[in-house]
Every structure is written in structure tokens, then in C-alpha cells.
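# Structural overview for review
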Protein chains: 2
Amino acid sequence: MATIEDVAKLAGLSRTTVSRVINNHPYVSEAKKQLVLDAMKQLGYVPNSSARSLRNQKTEMIAVIIPRVMNPFFGQLVESLEIAASEYHYQVIVCQTLYSAKKELDYLNLLKTKQVDGVILTTLLNDWRQIEPFLDYGPIVLCNEFEERANIPTVHMNQEYGGYVATTHLIEDGHSRIAYCCGNMKSNVTKAREKGFRKAHTERGLQIDEDLVFRNVFTFEDGKKILKKLMTMESRPTAIFTGSDEVAAGVISEAKKMGIMVPEELAVVGFDNQDITELMDPMITTIHQPVKEMAHKAMNVMMDKIKHKNYKKKEVYQLPLSLVVRESTEKSAQ
Amino acid sequence: MATIEDVAKLAGLSRTTVSRVINNHPYVSEAKKQLVLDAMKQLGYVPNSSARSLRNQKTEMIAVIIPRVMNPFFGQLVESLEIAASEYHYQVIVCQTLYSAKKELDYLNLLKTKQVDGVILTTLLNDWRQIEPFLDYGPIVLCNEFEERANIPTVHMNQEYGGYVATTHLIEDGHSRIAYCCGNMKSNVTKAREKGFRKAHTERGLQIDEDLVFRNVFTFEDGKKILKKLMTMESRPTAIFTGSDEVAAGVISEAKKMGIMVPEELAVVGFDNQDITELMDPMITTIHQPVKEMAHKAMNVMMDKIKHKNYKKKEVYQLPLSLVVRESTEKSAQ
DNA sequence: GTGAAAGCGCTAACAG
DNA sequence: CTGTTAGCGCTTTCAC
């Protein structure tokens, strides 16, 4: 492979001059510049990234840590983050933890080994004390997940409001026995959402039946299971707030099979506003999360931190969530 | 950040010895090895990847070029490829072309700049002549897409059989007017699938009405549009074979809205066997693609090529496809 | 078993 | 404007 040296020789110039041309530095005469350009073209020369990374102490790569790509929410997040990164000529490395705390730590090592210029964490499997030491090696930005103790840039959604507005919508529709599904209870996203759920009840003087609260519900299979369980209960809920559209779709799909009318017998609220909400019959009422905006903001912040290196400071950006009412809760619409 | 030099000094040894310990080379006495290990721990030393990459001429990164992550088929492919790569301690860089041929070329440049050890192409937007020159810079493996002229390792599915078996299933169910949707006609995946579709017709002495063949159909929105168009036709088809489960879901969703019974009035076959096939009502008959197996095979082949450098040779692995019959084509099941 | 030294390909002082 | 030179951090001959 041709190196800068080869180009220099062919052009009859020094490596420095070639380097200057490559990096668009000033103070190169047009004539020599052309000489270099010609030599580069003739040799099919392209600068070696490893050498550049070593010399410049930056790789122009960002690690994005997610549970898995096939989770639609995180898939969308990765897609948007990659698009945002490419605008800065940065590459994104996908790091799937598959819900393993150890893998999360392994991937954070990319920061230590300087394989990436920064890490975007979208989820937090380890305790913050485990993560914090990695900050000595480069910027970490929290995107989606958040953590009180973490003094780093954070871009996330107002999850409490999400839980609140969805629940309020159900209550105002006349529901008072509302089932609740959520994911990993260690997540602050989950906690905040539940806080909103509870707040909505309290405000209207309603009690929550803890038997209707389900944890660790993630997939559409889980949704199906929950629906079945609900149907065995003596005193059934009239509505269910699920943590994701997949779960909601699973609930609705199973409800149909069991001959339960949605929303007449069971109103369903999803979360994320994925495509599937418009595909299901009834279409799913959900909470829209501005994922693209969050991704862009997170990447912008990351680029700023890489540039200015002042990344050990709390800096929180919160994006709004909004309720999208569709058929799965609208009795009148049926 | 601590370097190998720092470790050597602290251990009172040479860089060479430290390097030997890092790389588990033999001929290091246990005593000195322990000295090095201690020094490394004390300094929190981790080898710098850029330096290693430069020296070893490999980055342990693979670029995976896909249209976009949110396309469920490619999302699944990326997920599986990343899992396979991580087993080799390789990282995957996601490269989304967003259907732009230029971006495809841009991402192939990662090979030239030695930012990655190899590229996995899952789609082909440029003519093969545009791609071929990149082979001088490192291995390219085709995974999913295939190309006659490409003398490189290829792992793909038997798409012709997929088209054939789906169509035959419909014909045997008594359908003779079958609509057909496909994606990008430049893709050999698409072409092979259509070949199978046509072959099934020919074999049974059936004609294809070219008005029922739709190109560039990708999303569930597209599926909805097609359904609407179909319904304006004088002589409607009684079945439709779509290129993906999303499109099939769109068709079914819209059919319901228009009061058309699936499968009684319109049988629908999807492709990919995504989760959504089991979520829709009726559940979607589809073609299962062994994506995980394909991804693993492709990554194994890639690792082999990186190791042995003999990657400019045709080497084709074809995986089987299979029909999964569900409710969207089964009249009797209703 | 261990170390000295060269060099992977590049950029940035510094000198002119 | 251009070139000389010294590394970035690591691995690997080669010599002892």
C-alpha cells in the first residue's frame, strides 16, 4: 500500500508538504499542491487511519452501547445516532450488551484502549460506581437512561410525564383499575415512568392494586403472557399501560385470540410510537418519544465534549414526550 | 495515560518483556511476568489500540454495510453479525447507506484507509465494477446479496426457491391471479425471487398479469398503497405475494380498514418471518430466512479470509429458505 | 530469558 | 512556503 513517503518521493517533495495537502493546511503553493494531488491519485494513496489515530490521539469512532439492535426503540436510536455521527465524519460501533452487565463493562473498555473517542450509554446495567472510573479515559454521554450521581452530559426524555399523561388519559376515560407493565426496575427510565403512573392515581384519589403491577416485561411474548394472566384474575383491570409498543401489541394480539374486545373490555396504551402502533387493529394509543432529536442532541453534545474535553460535568437535556391517542383506548372511536 | 514504557520502567524491565506478557508470549520467567502484571495493574495500564493496529496492520473491526438499521431484516442481520464478531473479539461498525450508492462507496473507503479489516456488504447499490477495485485493500464478503461477476466469498439464501415455494403454495390453494411486490429491481435477491415466482406460474401453465407486478415496494406504507390500488382494479387478484412482512402487514392492515377479508378475499404472503407475522390478525404466512445462520457463516468466512488473505476467490454458501404457513393464506384455518 | 533498536504511517514543532 | 526531525505506542527481529 502506498504511504505518504511514496507520495512525497513521486512528487519530489517532503512528507510534510504532502501531509499539509492532505489536511488542507495553508501555506502550500498551488503548483506543489497539484503535484501532490497528482501523485496521490497516481498511487491511489489514502492515508492510513491507524497511523493518524495514533498520531492525533483520536479515532473518530464512537461506541454506542445498547441492549440489542432488534429492540425497536434501540434500533431506532442506533440508526439515528449513526446518521448524526456520519454528519461529523464519525463512525459508530454497535455494542450490544444483550442485557449482560459484564458485556457493558467490556465495551466500556473501548474507551480505555482508545479505540473510540467516546461512549454513548443508552442503558445502565452496572452500578454507577463501576462506570465512573472509565471517565478518566474519555467522555461518556448518557442518552435515554439517566442517573442522579453521574456528573456527565445526559440527554433523556421526561419519562415521568410519559407515565403520567398516559395514565391520566386512561383515568379520564373512566378507568380505575389499570394494570401496569414495566421493564428493568433498576433503570431510572422505568422508575420515573412508574412515578408518573402513581402520581396520576394519587392526584385523582385512586388506589393502585399492586397485583396489577408487572415487572420485567419486555417482549410481545411477555405481553401475551400478561394478558393471559390478567384473564385468570377475579377482578380484572379495564385498562393496561405497557412499557412498549411490542408489549402492547402482544397484549392486543392475545386479547383478540381470547375474544376480548379492545378497547371496550380492555384499553391498552403502548410506548414509543413505533410503526406497529398503526399496523395493529385497533391501532395503538402510545407515547411518542422524539428519538431522532435525542440522538442528534446526544451526538452534538458528544462532539462538543470531544473537542473541549470538559466532560466531567453534569449537563442535562430533557426532551418532552407526548401522548398519541389512537383506537386502543378510544371507546368512542370504535 | 500509562504506556508500555511506563509499565516497563515501574517493573524495572524492558518494553519487550512487557509486550511479551501482554501478548502471552512464551519465554518469560514467571517472576518477571508477575512483576509486569503488578506494574500494569498499579498503573491501570491498557494497550493503546491505535498503536497496536498500526504495528500489527489490523484493527479488529469489520464494517457492515446495510441500507438502514430500522429495516427489520437488516436490523436482525446487524444484530447477529455483531454477536458473531464479538465472539472473535472483533467490533462491528454500522454503515447505513440510506439507499445512497455514494454512501456505499464512502463506507467502502474504510477498507482503503485500513480503518477496518474487512467489509461485509449486505446489499449492492453500485455496479460491481465500482466495487471490485476495493478488493485490492482487503476482504469483502457478500452476505445476503449476491453477484455473478463477484469473485469473492458469498453467503446468501436460495431466494429463487423462496419465491417459488410461496407462489406454489398460493397456486395450490387455488389462486391464479396473484399480485407480486418486490423491492429494488437491481438486486439479485429481488430478481431471483421473481424468477421463482414466474417459474411457479409457468410450471402450472399459468399466466402472470404484469399489471399485478409492483416494483420498489419496501415499507408498510407502500403495502397500504398497493392494497388501495388493487381495490380500484376491475379484475382483482385473489392473492398477493409481498417482498417483506412489513409490506404484508401494511396490506393486511389496509384491507381490514376497507372491509376486505384476509385470506377469504385476498390471501397474503410475507417474507422474512419477523415477529410481526405473529402479531397481526390474521397471522401472516411467510418465508423464514435463517438470518442468524447466515450472519454466523459470513463472519466465520470473513475471519478465515482475514487470516489467510485469499479472499479474491469465489466461494458461495447458499442457505435454504422455508415456507411458514399461517392464517393469511389458510382458508380452512379461518 | 531478556533487551536494544528499528519501524508501522502519520503530523507538528521548529528551523530556515 | 518547505523540509528536517522527533515522536505517537506498540511489536519484533536480532543479538546477547
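See above for the structure.
The present account deals with the structure reproduced in this document. Model, not experiment: these values are computed from the prediction.

So, about the interface of chain A and chain B. Contacts between the two partners involve 56 residues from chain A and, on the opposite side, 56 residues from chain B. Approximately 4600 Å² of surface area, both sides summed, lies buried where chain A meets chain B, with 60% of it carried by carbon and sulfur atoms. At the surface where chain A touches chain B, the tally comes to four salt bridges. Of the charged contacts in the structure, one is a salt bridge between Asp281(B) and Lys256(A), with a shortest N-O distance of 3.5 Å. At the junction of chain A with chain B, the criterion picks out 20 residue pairs in polar contact (both at pLDDT 80 or more). In terms of residue count, helix H5 (residues 72-87) of chain A provides more of the side of chain A that touches chain B than any other element does, eight residues in total. In terms of residue class, the side of chain A that touches chain B is built from 25 nonpolar, 17 polar and 14 charged. As paired strands, strand E2 (residues 91-96) of chain A and strand E2 (residues 91-96) of chain B are joined by three bridges and run antiparallel to one another. Following the sheet pairing, Ile93(A) is matched in E2(B) by Ile93(B).

Moving on: the protein's contact with DNA strand D. Contacts to DNA strand D come from 28 residues, most closely from Thr16(A), Lys32(A), Ile4(B), Tyr45(B) and Arg55(B). Backbone atoms, meaning sugar plus phosphate, form 57% of the atoms of DNA strand D positioned within 4 Å of the protein. One nitrogen or oxygen atom from the side chain of Lys32(A) is found 3.5 Å from a phosphate oxygen belonging to DNA strand D. In this structure, Arg15(B) approaches DNA strand D through a side-chain N or O atom, which is 2.9 Å from a base nitrogen. When residues of the surface near DNA strand D are traced back to their parent elements, those giving at least two are helix H2 (15-22) and helix H4 (49-56) of chain A together with helix H2 (15-22) and helix H4 (49-56) of chain B. Taken together, the residues of the surface near DNA strand D break down into nine nonpolar, 12 polar and seven charged.

This brings us to the relation of the copies chain A and chain B. The two copies are related by a screw motion: chain A maps onto chain B through a turn of 180 degrees and a shift of 0.0 Å along the axis, at an RMSD of 0.1 Å. The transformation just described matches what one would write down for a two-fold rotation axis. Minimal C-alpha separation from the rotation axis in chain A is found for Ile93(A), amounting to 2.3 Å. Of the interface residues in chain A, 100% have counterparts in chain B that sit at the interface too, so the contact is made through matching surfaces.

All right, on to the layout of surface pockets then. Roughly 1000 Å³ of internal volume is contained in the second largest pocket. Pro47(A), Asn48(A), Leu54(B), Gln57(B) and Lys114(B) are, among the 36 residues lining the second largest pocket, the residues nearest its centre. Broken down by secondary-structure element, the contributors of at least two residues to the lining of the second largest pocket are H2 and H4 of chain A together with H4, helix H6 (101-112) and helix H13 (291-308) of chain B. The dominant element in the lining of the second largest pocket, judged by the number of residues it contributes, is H4(A), at five residues. Split by residue class, the lining of the second largest pocket holds 15 nonpolar, 12 polar and nine charged.

In this section: empty space enclosed by the protein. Counting across every chain of the model gives one cavity of 30 Å³ or more. Approximately 140 Å³ is the volume found for the largest cavity. Forming the boundary of the largest cavity are 14 residues, of which Ser53(A), Met61(A), Ser53(B), Thr59(B) and Met61(B) lie nearest the centre. Mapped by element, the contributors of at least two residues to the lining of the largest cavity are H4 of chain A together with H4 of chain B.

Conventions used here
- Residues numbered from 1 in each chain as written.
- Chains lettered and ligands numbered in written order.
- Predicted model: local features only at pLDDT ≥ 70, side-chain atom pairs only at ≥ 80, totals over all residues.
- Heavy atoms only, no water.
- Contact = heavy atoms within 4.5 Å.
- Buried area = accessible area lost by both parts, 1.4 Å probe.
- Salt bridge = Lys/Arg side-chain N within 4 Å of Asp/Glu carboxyl O.
- Polar contact = N/O pair within 3.5 Å; in protein donor to acceptor, adjacent residues only side chain to side chain.
- Helix = DSSP H or I, 4+ residues; strand = E, 2+ residues; numbered from the N terminus.
- Nonpolar A, V, L, I, M, F, W, Y, C, P; charged D, E, K, R; others polar.
- Pairing = 2+ DSSP bridges.
- Near = heavy atom within 4 Å.
- Least-squares fit on C-alpha atoms with pLDDT ≥ 70 in both.
- 1 Å grid on protein atoms, 1.4 Å probe; cavity = no way out; pocket = protein on both sides within 12 Å on 5 of 7 lines; lining within 4 Å.
- Points joined across faces, edges and corners; volume = space filled by probe spheres on them.

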